[in-house]
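Letter by letter, the chains look like this.
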Amino acid sequence: MMARGAVLVSDDRVILRDQDGELVASAPDPIQGMIEARGVGLLGADTVPHAAVCVVVDLTRTETDRLPPRRTVSLLSREVALLHKVEHPHFAAALVQYLKGGRKE
C-alpha cells in the first residue's frame, strides 16, 4: 500500500480508540515511525499520527467470490467494513481505489 501512495500509521500493532464518535488507529510509541521489511530489518518510515478506520482487511482469509458479499467486523462496538485478501497482483491497487471511491453495488 505504501508503494501505491499510502502513508503508514503503524506496523504489526495498533491502538484503537473512539475519538469524537470516530474509530481512530494510532501506533504504540515503541514502534512509531518504523516498519519491518522481512529479510532487510527495521526501517524508518514517514507516518501519520492517527487515521480513521474505515475498512479492515483480514489477510488470514482468502476471498474466493468474484463479487463478494458485504461483510463487517465489530471493533469497539462499531461495525467496520471487512474484506478478505485477494490472491492477485491488483489487490493493493484495488484497496487504494476502495479507499478513494468506496464500494458500489
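Residues numbered from 1 in each chain as written. Predicted model: local features only at pLDDT ≥ 70, side-chain atom pairs only at ≥ 80, totals over all residues. Heavy atoms only, no water.

A. The overall build of the protein, seen in detail. Looking only at helices and strands, the protein features one helix and eight strands. When the elements of the protein are put in sequence order from the N terminus, they spell out β-β-β-β-β-β-β-β-α. Counting all 105 residues of the protein, 25% fall into the buried class. A sequence separation of at least 24 residues applies to 55% of the contacts in the protein between residues at least 6 apart. Total accessible area computed for the protein in this model is approximately 7600 Å², and 53% of it derives from carbon and sulfur atoms. Across the protein, 13 positive and 14 negative side-chain charges occur, with their mean positions spaced 7 Å apart. (Helix = DSSP H or I, 4+ residues; strand = E, 2+ residues; numbered from the N terminus. Buried < 20%, exposed > 50% of the residue type's maximum accessible area, 1.4 Å probe, protein only. Contact = heavy atoms within 4.5 Å. Areas by Shrake-Rupley, 256 points an atom, 1.4 Å probe, with all protein chains shown as cover. Lys, Arg positive; Asp, Glu negative; His and termini not counted. Charge placed at Lys NZ, Arg CZ, Asp CG, Glu CD.)

B. Highlighting the pattern of salt bridges. Evaluated as defined, the whole model comprises three salt bridges. A salt bridge links Lys 85 to Glu 87; its shortest N-O distance comes to 3.2 Å. (Salt bridge = Lys/Arg side-chain N within 4 Å of Asp/Glu carboxyl O.)

C. Here's a closer look at the pairing of strand S2 (residues 22-26). Of all five residues making up S2, four are buried, and the element is well covered by its neighbours. Summarising the sheet, strand S1 (residues 15-19) and S2 pair through five bridges and their orientation is antiparallel. Its bridge partner being in S2, Leu 16 is matched across the sheet by Ala 25. Connecting S1 to the antiparallel partner S2 that follows it, the hairpin turn spans two residues, and Asp 20 within it adopts a positive phi of roughly 55°. (Pairing = 2+ DSSP bridges.)

D. Structural context of unusual backbone geometry. In this model, Asp 12 sits at a positive phi of 75°, which is unusual for a non-glycine residue. Positionally, Asp 12 belongs in the segment before S1.

E. Spatial organisation of the domain arrangement of the protein. Once the domains are mapped, the protein shows domain 1 (1-53) and domain 2 (54-104). The C-alpha centroid of domain 2 is placed 18 Å from the C-alpha centroid of domain 1. The interface is formed by ten residues belonging to domain 1 together with twelve residues belonging to domain 2. Together domain 1 and domain 2 conceal approximately 890 Å² of surface at their shared face, both sides included; 69% is due to carbon and sulfur atoms. Between Arg 78 and Asp 18 there is a salt bridge, with its nearest N and O atoms 2.8 Å apart. Scanning the region where domain 1 abuts domain 2 turns up two residue pairs in polar contact (both at pLDDT 80 or more). Residue assignment for the side of domain 1 that touches domain 2 shows that the elements contributing at least two residues are S1 and S2. Sorting elements by how many residues they give to the side of domain 1 that touches domain 2 places S1 first, with three residues. In the side of domain 1 that touches domain 2, the residues fall into five nonpolar, one polar and four charged. (Domains from an automatic or database assignment. Buried area = accessible area lost by both parts, 1.4 Å probe. Polar contact = N/O pair within 3.5 Å; in protein donor to acceptor, adjacent residues only side chain to side chain. Nonpolar A, V, L, I, M, F, W, Y, C, P; charged D, E, K, R; others polar.)

F. Examining the nonpolar core more closely. Residues Val 55, Leu 83, Phe 91, Leu 95 and Tyr 98 constitute the largest nonpolar core, which totals five residues. At three residues, the largest contribution of residues to this core is made by helix H1 (residues 91-101). If sequence neighbours within four positions are ignored, Tyr 98 has contacts with Val 55, Ala 81, Leu 83 and Arg 103. (Core = buried A, V, L, I, M, F, W, Y, C linked by side-chain atoms within 4.5 Å.)

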